[in-house]
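Understanding the architecture of this molecule
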Amino acid sequence: MFLHCFRYELTTALRERSVLIWLIIFPAVLAMLMNAAFSSIYEKTSRFSTIPVAVVENSPDPVFRSVMDALEDEEEPLLKVDYMTEEEALGLLEKGEVRGIIHTGDDISLTLSDTGVEETVLRTFTDQYVVSSAIIGDVIRQDPAMAMKAGEAMSAELSPCIEKSLTNGITDPFIQYIYNLIAMVALYGSILGLQISVNNQADLSPLAARKTCSPISKTVGVAASLAAAWLVETICIVIFVTFVRFVLGVDYGGSLGLVYLTSVLGGMAGVSIGFFAGASNRFSYEVKLGVSMAFNMTLCFFSGLMAGNIKLIIEEKIPWFNRINPPAVISNGLYYLNVDSDLHRYIPAMAVLIGMTLLFSVLGAILSRRKKYASL
Amino acid sequence: MQVYKAFIRIAMKKSRSIIIYIVVFFAISVVYALSDTPDSIFTDTSLKVCVYDDDDTAESRALTDFVYSRHIRSDVSRDHDSITDALYYGAISGTDCVFIINKGYSEALAAGRTDDLFTFYTMHGSYQETMMQAQLGEYVRSVAAYTAAGEDLPDAIAHTEKAVTKRTDVRLTAPDTGDPEYPKMFSVYFLFMVYILLAVMMNSLCPVLTTMNRRDIRFRTNCSSIRPLSGSLQIFAGSVTLVVSIWLVFMVGGAVMNGGFHGKCWIAVLNSFVFALVAASISLVASCFSLNPNLMNLAAQIISLGLSFLSGVFVEQSLLGDGVLSVARLFPAYWYVRANNMLSGLDGAVYDGAEIARCIMIEAAYALALFVLTLLIRRIRYSETALVSGRNSEPAAQN
């Protein structure tokens, strides 16, 4: 009987065209757009690359020129320097082809067109030159004999920093938006969960009325419906994850198998939450759907789908919410797979998802039982 | 005017979603306006930095104070997971740098050794890390110079603290206040109008036109005493009324926010009007296909979000990849955003009157082309032959 019900529930779910739209097409289009828009932001704004700069020599300064030449010879130079007249430099600055103009002469000065990190790096560089000159002047005033030693110390090669890498994963934080998109698709599984509840509440649909008066155990019927919904959600989310990975070429970081597992577990939790939400009241399908979608999107907002830093703020203020908010748990699971070298944070997150799936499925089943109707 | 009245009545029934869009748009615009702080002088970018002082000496504390005097202190729990999380989100809004002042820092400095003084946690290889390391290098180099000149460490640090206050003079070529006639803050209002006009037009015009095009209503209109040309003109007049009304609402809102329109603002107003026509034309094309509400909603979301993402509304055009920009040039929204950026200097664009005129004309050409396309589709789908033979593939009317 279970298999019989399962087959029909599966057919019913697959025939629902809105499922295909909201669980595959809409997220796939959104993923394409996000990928197109965000794919180059990290490279362009965060990762260090050589800063183009123009130098205008008001009077020849061989020392400064030698510093610049030495700088350009480095493997990954800080600056790319071009010497030119002031008019040329201002033209390039206006077009954005150089980030700043260094004026050399009696005093070193900068002309910039904007305020930002690159400009501050540029100022830090010229500050070093200004400070060095000040220190040498200071030492000469106090003890000219020591000026040579101070100069040597100023120009010595320094390596005061030991670098310690934290992860071998993808360091582009904008991948978070894709993680949250997967979490959104998982939560959209609640549409399927709501359909289960509507198809089991005899006052809400003719199908439910027919099922209610059939000689079949409610538990078996609900279990078959849940299994079918889980399967449909699994198919949808696997298609979506595959599309993003292999068609859009987004690297999730971490093991792809575990990415699939996380998405599937998230999808099952989404279905169960929808089933519980649907079974807990007798509102019409439209009302259930409207409230559920609004609630889901709010949860997705708190996990960072619309604003990437919101999860950090919640982590600071109410960290427990990030441990139980389903989309945050899913996106965190994917994040842990990416940045961690082991599964010490991933396993508890998945345990929470499995726990939610069981809890909401059981609660939904309990609420679906022993319903009485005065008339149908 | 029967058809026109019916059109307006249906439009009024669909007004709820339009009002939601408008209210949300105005709320976001006001929040954005309040957060705008124009820069007229150069200010250093401050990083969010976390320092762990393992040396815990007067010298290391002096360095910590120096770092926090230039940057914002960020407290991060000292465990691998917390540091990873803080730095990972650095590019969005987390912590930019975390480093340790190693044990033995002051002894090493006193002995003139400058290697391996700090342990720097790295994630991105970012500008922020480069900047922080350069500033630490500058500090250490200065202390080393003074100690090499024979000063003891406390004096060297005291002199360094004084020396590092010397900064390069900076001149900003164009103060970042935007064009006074069309400030950047206000141009963002017009920038987001791409999304809102597309979303509102598609969610308002399409359902009304789809309803008017429904087979039963169209048959009823066709067999009435109203001439077909008159009926079409009344629908057209209804569409124009709706489009202009929606556009006017945004213009009035904009005028209130900006205290009226001046100078270049009027070009932005013209630009937005032409784009409103483009949005209306796209809605006219979409409505020809008589999609069910679910599919129409999907189409509206995809078109409005898609054009906004690709054309530089949500992400600046300068940050989009070359491939994306090549595709974006095929869409009218790209030309709207380009003209808008040139008008205000947003995204580093430079004002060019001829280029702005070209952008607006390209938008107008799109509007015209889409309108002609609508006429063609309607001619094919709703031709008399199709009606008589019943080969129309539209879904049956639903109540």
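Overview of the structure. Note that the coordinates shown come from a computational prediction; the quantities given were computed from them, not determined experimentally.

**Digging into a nonpolar patch on the surface**
Residue and element names in this part refer to chain A. On the surface, a nonpolar cluster with roughly 340 Å² of combined accessible area is contributed by L359, V362, L363 and I366. Of note, I366 is situated in helix α17 (residues 346-368). By relative accessible area, which is 49% here, I366 ends up partly exposed.

**Notes on the interface of chain A and chain B**
Every contact between the two is made by 86 residues of chain A and, on the other side, 82 residues of chain B. The tally of links between chain A and chain B comes to 3 salt bridges. Viewed at the interface, chain B and chain A are joined by 25 residue pairs in polar contact (both at pLDDT 80 or more). Class assignment for the residues of the side of chain A that touches chain B results in 44 nonpolar, 25 polar and 17 charged. Here strand β4 (residues 109-112) of chain A runs beside strand β5 (residues 169-172) of chain B; their pairing, made up of 4 bridges, is parallel. For L110(A), the partnering residue across the bridge sits in β5(B) and is V170(B).

**Describing empty space enclosed by the protein**
Residues and elements named next belong to chain A. The tally for this structure, following the rule as stated, stands at 2 cavities of 30 Å³ or more. The volume enclosed by the second largest cavity comes to roughly 30 Å³. In this structure, the second largest cavity is lined by Q176, Y177, N180, S303, G304, G308 and K311. With 3 residues, the single largest contributor to the lining of the second largest cavity is helix α8 (residues 175-188). For the lining of the second largest cavity, a count of residues per class yields 1 nonpolar, 5 polar and 1 charged.

**Quick look at the pattern of salt bridges**
Scanning the model with the defined rule gives 17 salt bridges over all chains in all. Residue R61(B) pairs with D56(B) through a salt bridge whose shortest N-O separation is 2.8 Å. Residue D216(B) pairs with R214(B) through a salt bridge whose shortest N-O separation is 3.6 Å. The structure contains a network of salt bridges with shared partners spanning D340(A), R345(A), D81(B) and D85(B).

**Concerning helix α9 (residues 190-198) of chain A**
Along α9(A), 9 of the 9 residues are buried, which leaves the element largely enclosed by surrounding structure. Every buried residue of α9(A) is listed here: S190(A), I191(A), L192(A), G193(A), L194(A), Q195(A), I196(A), S197(A) and V198(A).

**Structural notes on unusual backbone geometry**
Non-glycine residue D56(B) carries a positive phi angle of around 50°. A positive phi is found at D116(B), a non-glycine position, where the angle reads about 55°.

**Describing the side chain of T168(B)**
Considering the arrangement of structural elements, one finds T168(B) in the loop between α7 (153-163) and β5. Judged by its relative accessible area of 1%, T168(B) is buried. Polar side-chain contacts of T168(B) include one of 2.9 Å to the side chain of T126(A). Not counting residues up to four positions away in its chain, the partners in contact with T168(B) are I108(A), S109(A), L110(A), R123(A), T126(A), D127(A) and V130(A).

**Quick word on the packing of aromatic side chains**
For the coordinates displayed, the defined rule picks out 31 aromatic pairs over all chains. Ring geometry for W320(A) versus F321(A): centroids 6.1 Å apart, planes at 85°, classification edge-to-face. Residue classification places W320(A) among the exposed residues on the basis of a relative accessible area of 53%. What makes F321(A) buried here is its relative accessible area of 18%. Plain terms: the ring middles of F192(B) and F314(B) are 6.2 Å apart, the flat faces sit at 35° to each other, and that makes the pair tilted.

Cut-offs applied
Residues numbered from 1 in each chain as written. Chains lettered and ligands numbered in written order. Predicted model: local features only at pLDDT ≥ 70, side-chain atom pairs only at ≥ 80, totals over all residues. Heavy atoms only, no water. Patch = residues over 30% accessible without salt bridge, like charges linked within 9 Å, V, L, I, M, F, W, Y side chains within 5 Å. Areas by Shrake-Rupley, 256 points an atom, 1.4 Å probe, with all protein chains shown as cover. Salt bridge = Lys/Arg side-chain N within 4 Å of Asp/Glu carboxyl O. Helix = DSSP H or I, 4+ residues; strand = E, 2+ residues; numbered from the N terminus. Buried < 20%, exposed > 50% of the residue type's maximum accessible area, 1.4 Å probe, protein only. Contact = heavy atoms within 4.5 Å. Polar contact = N/O pair within 3.5 Å; in protein donor to acceptor, adjacent residues only side chain to side chain. Nonpolar A, V, L, I, M, F, W, Y, C, P; charged D, E, K, R; others polar. Pairing = 2+ DSSP bridges. 1 Å grid on protein atoms, 1.4 Å probe; cavity = no way out; pocket = protein on both sides within 12 Å on 5 of 7 lines; lining within 4 Å. Points joined across faces, edges and corners; volume = space filled by probe spheres on them. Phe/Tyr/Trp six-rings, centres within 6.5 Å; stacked < 30°, edge-to-face > 60°.

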